[in-house]
Amino acid sequence: MSSVLYDTPGPRAKRRNVLLSVVFILLLALVLWWVWRTMDDNNQLEWDLWEPFTTGEAWTTYLLPGLADTLKAAAISMVIALPLGAVFGIARMSDHAWVRGVAGTVVEFFRAIPVLLLMLFANELYVRSSLNISSEERPLYAVVTGLVLYNASVLAEIVRAGILSLPRGQTEAAYAVGLRKGQTMTSILLPQAVTAMLPAIVSQLVVIVKDTALGGVMLGFTELLNARQTLAANYANVIPSFIVVAIIYIVVNFILTSFASWLEQRLRRSKKSTGAVLGEDTEINPAAVGGTFGTGGEGGGPSGFTFTDKPPR
């Protein structure tokens, strides 16, 4: 079956694809065998190194508290960065030049600085400021500050791109029934753009979860990777601890992306048209319009529709 990206493969292409698949599987099996032999030769597969993960002490003392701090920092950063990014993304499309200029400068500035540098700068700022932040809580504040500043600027560009990707007919139809720009943005554009932006937003949220490890390495924040270091020092199982922590990260991010995929499908189903047909005597209330406008280039509505006479702003 043909698609937009490629044509249906012929007999030679099918044979070539099968051959490449077999070669890839063999190479992957060879790499896995080499990893297994290397770990076995270095005594990394001994049961004594993996036994701590079968007891509750390694989890309750190190891994679970570290995972809780990771999720805590990531959740706080997400809650702050998402609305802040939406505000700056919408501000970059403002009709006022000074608003666009300020928002664009802030977004481009923080997006260009590495998130680790933002964390280190925030930590020094909290040390030298008059804020009464204890040394135990300071790493969390620094990690959250760096994550919020960087990811809010990235999310701002995602929001702006998502809104600009919508057909222009959506905005024109909203103005045709008398909606102001703010009403058009909140009732028409943003609800549709959220579905288009969701994959990119989730990808950025996964980045937030992983970037919390930077605070553990440089600031002593007791997140999952930092807790792994303490665990490995006590049980002398460096490689097994890395493998277990990597699996935990994979599971957490898989759950996050799976939830986002389910939410995206649910949003798409909920936004499907009901197929209701309006009669000629139906009166449209512009203030109550909240659905999805068509993207066609038709002129005025059917005869009998009532439109507001207020000019669009």
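Values in this document were obtained by computation on a predicted structure and should not be read as measured data. Numbering of residues starts from 1 in every chain and runs along the sequence as written. For this predicted model, a pLDDT threshold of at least 70 governs which residues receive local features, and a threshold of 80 or more governs which side-chain atom pairs are given and counted, while totals over whole chains, interfaces and linings are taken from all residues. Only hydrogens and water are removed before side-chain values are computed, so all heavy atoms of the structure are retained for them.

Remarks on the layout of surface pockets
In this structure, the second largest pocket occupies an estimated 280 Å³ of space. Lining the second largest pocket are 13 residues, with Ile163, Leu164, Arg168, Thr171 and Leu189 positioned closest to its centre. The helix and strand labels rest on DSSP assignments: H or I over at least four residues marks a helix, E over at least two residues marks a strand, and numbering proceeds from the N terminus. Of all the secondary-structure elements, those providing two or more residues to the lining of the second largest pocket are helix 6 (138–164), helix 7 (168–176) and helix 8 (181–218). Note that Gly is not counted as nonpolar here; it falls among the polar residues with everything else outside the nonpolar set of Ala, Val, Leu, Ile, Met, Phe, Trp, Tyr, Cys and Pro and the charged set of Asp, Glu, Lys and Arg. Partitioning the lining of the second largest pocket into residue classes produces 8 nonpolar, 2 polar and 3 charged. Cavity and pocket criteria rest on a 1 Å grid covering protein atoms alone: a 1.4 Å probe that fits but cannot get out defines a cavity, protein on both sides within 12 Å along at least 5 of 7 lines defines an open pocket, and an atom within 4 Å of a point defines a lining residue. Grid points are joined across faces, edges and corners, and a volume is the space filled by probe spheres set on the points.

As for the pattern of salt bridges
The rule for a salt bridge is simple: a side-chain nitrogen of Lys or Arg has to be within 4 Å of a carboxyl oxygen of Asp or Glu. Counted by the stated rule, this structure contains 6 salt bridges. Measuring nitrogen to oxygen at the nearest pair gives 3.0 Å for the salt bridge that ties Arg111 to Glu108. Here Arg111 pairs with Glu108, and both are found in helix 4 (residues 97–112), just 3 residues apart, close to one helical turn. Buried means the residue's accessible area, taken with a 1.4 Å probe over protein chains only, is under 20% of the maximum for its type, while exposed means over 50%, and partly exposed covers the values in between. A relative accessible area of 34% places Glu108 in the partly exposed class.

A short note on the packing of helix 4 against helix 6
Two quantities define a packed helix pair, namely the angle between the axes and the distance from one axis to the other. For helices, the fitted axis covers only the stretch in contact; all axes are lines through C-alpha atoms, and the angles between them, taken along N-to-C directions, range from 0 to 180 degrees. The N-to-C vectors of helix 4 and helix 6 enclose an angle of 125°; their axes lie 8 Å apart at closest approach. Between helix 4 and helix 6, the angle is such that the two are oblique. In this structure, helix 4 meets helix 6 at a crossing whose hand is left-handed. Along its contact with helix 4, which presents Val107, Glu108, Phe110 and Arg111, the element helix 6 presents Leu149, Tyr150, Ser153, Val154, Ala156 and Glu157. Each angle is binned into one of four classes, with values under 35 degrees roughly parallel, values over 145 roughly antiparallel, values of 65 to 115 roughly perpendicular, and all other values oblique. Left-handed describes a crossing whose near helix is turned anticlockwise from the far helix by less than a right angle; the clockwise case is right-handed. Contacts were defined at the residue level, with two residues in contact if any of their heavy atoms lie within 4.5 Å.

Concerning the environment of Val148
Turning to its location among the elements, Val148 is positioned in helix 6. Here Val148 falls in the buried class, since its relative accessible area comes to 7%. Placed 72 residues apart in sequence, Val148 and Ile76 show a C-alpha to C-alpha distance of 8.7 Å.

Notes on helix 7
Buried within helix 7 are the following residues: Gly169, Gln170, Ala173 and Ala174. The buried side chains of helix 7 occupy one side of the element, clustering within an arc of 135° when seen end-on. Residues of helix 7 that are buried in the fold lie against helix 8. One or two steps after helix 7, the chain reaches Gly178, where phi turns positive at roughly 90°. When we speak of the arc, we mean the arc of directions from the helix axis to the C-beta atoms.

Observations regarding a negative patch on the surface
Judged by side-chain charge, Asp40, Asp41, Glu46, Asp48 and Glu51 come together as a negatively charged surface patch. By relative accessible area, which is 57% here, Asp48 ends up exposed. Patches here are clusters of residues that have more than 30% relative accessible area and form no salt bridge, with a 9 Å joining cutoff for like charges and a 5 Å cutoff for nonpolar side chains (Val, Leu, Ile, Met, Phe, Trp, Tyr). With residues, only the protein chains shown are counted as cover, and all accessible areas are computed by Shrake-Rupley using a 1.4 Å probe. We treat Lys and Arg as the positive residues and Asp and Glu as the negative residues; His and chain ends play no part in the count. One atom stands in for each charge, and that atom is NZ of Lys, CZ of Arg, CG of Asp or CD of Glu.

With respect to the side chain of Asn226
Note on placement: Asn226 falls in helix 9 (residues 224–235). Apart from residues no more than four positions distant in its own chain, Asn226 is found in contact with Gly216, Gly220 and Phe221.

With respect to a nonpolar patch on the surface
Together, Leu19, Val23, Leu27, Leu30, Val31, Trp33, Trp34 and Val35 give the surface a local cluster of nonpolar side chains, amounting to about 810 Å² of exposed area. Summarising the element assignment, Trp33 is placed in helix 1 (residues 11–41). Trp33 gets classed as partly exposed once you look at its relative accessible area, which sits at 49%.

Observations concerning the side chain of Ser241
By the element assignment, Ser241 lies in helix 10 (residues 238–270). N or O atoms within 3.5 Å of each other form a polar contact, as long as, within protein, one can give a hydrogen and the other can take it, and as long as residues adjacent in sequence are counted only when both atoms are side-chain atoms. Within the structure, Ser241 has its side chain in polar contact with the backbone oxygen of Asn237 (distance 3.0 Å). Here the side chain of Ser241 touches Val238 through a polar contact of 2.6 Å, landing on its backbone oxygen.

Overview of the packing of aromatic side chains
Pairing of aromatic side chains here covers Phe, Tyr and the six-membered ring of Trp, requires ring centres within 6.5 Å, and sorts the geometry by plane angle: under 30 degrees stacked, over 60 edge-to-face, intermediate tilted. Under the criterion given, the structure shown has 5 aromatic pairs. Pairing Trp50 with Phe53 gives two aromatic rings, centres 6.4 Å apart and planes at 55°, and the pair type is tilted. Classification of Trp50 by relative accessible area gives partly exposed; the value is 22%. By relative accessible area, Phe53 is classed as buried at 11%. Taken together, a centroid distance of 6.1 Å and an interplanar angle of 80° make the contact between Tyr126 and Tyr141 edge-to-face. Within this pair, whereas Tyr126 is found in helix 5 (residues 115–128), its partner Tyr141 is found in helix 6, the two being separated by 15 residues in sequence. Of the residues examined, Tyr141 reaches a relative accessible area of 38% and is grouped as partly exposed.

Brief notes about the packing of helix 3 (residues 56–91) against helix 10
As a packed pair, helix 3 and helix 10 sit with axes 12 Å apart at the nearest point and diverge in direction by 35°. The handedness of the crossing between helix 3 and helix 10 comes out as right-handed. Contacts between helix 3 and helix 10 involve Trp59, Leu63, Leu67, Leu71 and Met78 from the former and Val244, Val245, Ile248, Val252 and Leu256 from the latter. Among the residues forming the contact of helix 3 with helix 10, the class breakdown is 10 nonpolar, no polar and no charged.

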